[in-house]
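Results of the structural survey
One letter stands for each residue in the lines below.
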Amino acid sequence: MKVTFLGTGTSQGIPVIGCGCVVCKSADKKDKRLRVSVWIQTDDKSIVIDSGPDFRYQMLRAGVDDLDAILYTHEHKDHVAGLDDIRPFNYILKKRIDIYATERVQEALRREFQYIFADVKYHGLPQINLYTITDENFNVGHIEVVPFEVMHYKLPILGYRIGDFTYITDAKTITEASLEKIRGTKVLVLNALQKESHISHLTFDEAIAMAEKVGAEMTYFTHISHNLGLHEEINKELPATIQLAYDGLTIDL
């Protein structure tokens, strides 16, 4: 299995519009962060977790020429806004794209993209197969996906474990029941917004503590704000088993 980080930034991305901070002005490509998403490739499946506003460019930049499924963590715009851009996959590959989402997320998709679900189908609409998921395991083809609930302040959202890879974004708290589902994972991806306290996201120190609690062989931080600091400087504050992810980083499992 190969994992590619398509985006590692928070909802505004980095650089932030109109911001002149050192991170937003940095020339280091690792400080350029699109909205969070990962691409998972197996022998026969191509899966993306979340399709944010940068989805089109992320597909082009990473050279994604096949897509089977999108798994959604939750309904916030920085995670779902790019759904319409699956249309070229429909046309070129001549297939529908499987969409996995909870009932609540599906309701949001129906509001945001009502034309996809309208009774009268306009030519060229995104073609999807919509699958309802809960916190019960499900399969994408032969690949078992283990969803688990984390809390984004008061909003329950899903993290995903696929084999030895676990992906969590937008978490503030994680229950012991969910931790039990991810213990033993080799690679953990976890959100680490900034050093200052935040109501709905893990801070840098909270993410470090959570990573140590899980005890993965390697943890990568994502959903990073410009407030956290420069990539290279922050990485020096982390142990070898915890590092900041960056756009374009690939992992082989």
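Residues numbered from 1 in each chain as written. Predicted model: local features only at pLDDT ≥ 70, side-chain atom pairs only at ≥ 80, totals over all residues. Heavy atoms only, no water.

Another point: the overall build of the chain. Secondary structure summary: the chain contains 8 helices and 14 strands in total. Along the three orthogonal principal directions, the C-alpha set of the chain runs to about 55 × 40 × 35 Å. When the 253 residues of the chain are sorted by exposure, 54% land in the buried category. Within the chain, residue pairs in contact and separated by at least 24 positions form 63% of the contacts whose partners lie at least 6 positions apart. (Helix = DSSP H or I, 4+ residues; strand = E, 2+ residues; numbered from the N terminus. Buried < 20%, exposed > 50% of the residue type's maximum accessible area, 1.4 Å probe, protein only. Contact = heavy atoms within 4.5 Å.)

This part takes up unusual backbone geometry. Residue Pro 15 is bonded to the preceding Ile 14 through a cis peptide linkage, with omega at 5°. If you trace the backbone, Pro 15 turns up in the loop between β1 (2–7) and β2 (37–41). One non-glycine residue, Asp 50, lies in positive phi territory at about 70°. Asp 50 sits in the buried class, given a relative accessible area of 0%. Despite not being glycine, Tyr 153 shows a phi value in the positive range, around 60°. The residue Tyr 153 is located in the loop between β8 (143–152) and β9 (155–162) in this model. For Tyr 153, a relative accessible area of 42% translates into the label partly exposed.

Now for the side chain of Ser 178. The topology assignment puts Ser 178 in helix α6 (residues 176–182). Overall, the relative accessible area of 5% leaves Ser 178 in the buried class. If sequence neighbours within four positions are ignored, Ser 178 has contacts with Phe 148 and Glu 149.

Attention shifts here to the pairing of strand β11 (residues 187–191). Judged by how many residues are buried, β11 sits mostly within the fold: 5 of 5 residues are covered. Burial along β11 is two-sided: the face carrying Val 187, Val 189 and Asn 191 and the face carrying Leu 188 and Leu 190 are both buried. You can see the chain leave strand β10 (residues 165–167), run along α6 and come back into β11, and the turn it takes is right-handed. Examined bridge by bridge, β11 and strand β12 (residues 218–222) share 5 bridges and lie parallel to one another. Each residue of the ladder has a partner; that of Leu 190, found in β12, is Phe 221. Note that the unit made of β11, helix α7 (residues 204–214) and β12 has a crossover that is right-handed. (Right-handed = clockwise from strand over helix to strand, strands pointing away. Pairing = 2+ DSSP bridges.)

Spatial strand order, β7-β8-β9-β10-β11-β12-β13: 7 strands in an open sheet with mixed pairing. Two strands in the sheet have a free side with no partner beyond their single neighbour: β7 (138–140) and β13 (242–244). The mean inter-strand angle of the sheet, taken between neighbouring strand axes irrespective of direction, is 30°. Of the strand pairs in this sheet, β9 and β10 are connected by 3 bridges, and their pairing is antiparallel. The residue bridging Arg 161 from the neighbouring strand is Thr 166, located in β10. (Axes fitted to C-alpha atoms, helices over the stretch in contact; angles between N-to-C directions.)

By the definition in use, this model includes 7 aromatic pairs. Taking the centre distance of 5.0 Å and the plane angle of 15° together, the rings of Tyr 100 and Tyr 131 count as stacked. Taken as a pair, Tyr 100 in strand β5 (residues 97–101) and Tyr 131 in strand β6 (residues 128–132) lie far apart in primary sequence, 31 residues in all. Overall, Tyr 100 belongs to the buried group, its relative accessible area being 6%. By relative accessible area, which is 37% here, Tyr 131 ends up partly exposed. By the ring-pair criterion, three or more aromatic residues cluster together here, those being Tyr 100, Tyr 131, Phe 138 and Tyr 160. Here Lys 30 stacks its cationic end above the ring of Tyr 246, 4.6 Å away from the centre of that ring. For Lys 94, the ring lying beneath its charged end belongs to Tyr 91, and the centroid distance is 5.9 Å. (Phe/Tyr/Trp six-rings, centres within 6.5 Å; stacked < 30°, edge-to-face > 60°. Lys NZ or Arg CZ within 6 Å of the ring centre and 35° of its normal.)

So, on to the sheet that holds β1. Here 7 strands make up an open sheet; going across it, the order is β6-β5-β4-β3-β2-β1-β14 and the pairing mixed. Lying at the two open borders of the sheet, with one neighbouring strand each, are β6 and β14 (250–252). Within this sheet the neighbouring strands show an average axis-to-axis angle of 20°, counted without direction. Sheet analysis places β1 next to β2, joined by 5 bridges and oriented antiparallel. Following the sheet pairing, Lys 2 is matched in β2 by Gln 41. Sheet strands in contact with helix α1 (residues 55–62) are β1, β2, β3 (46–49) and β4 (69–71), and its direction is about 135° off that of β1. In the packing of helix α4 (residues 103–112) onto the sheet, the strands contacted are β5 and β6, and the crossing angle to β6 comes to about 145°.

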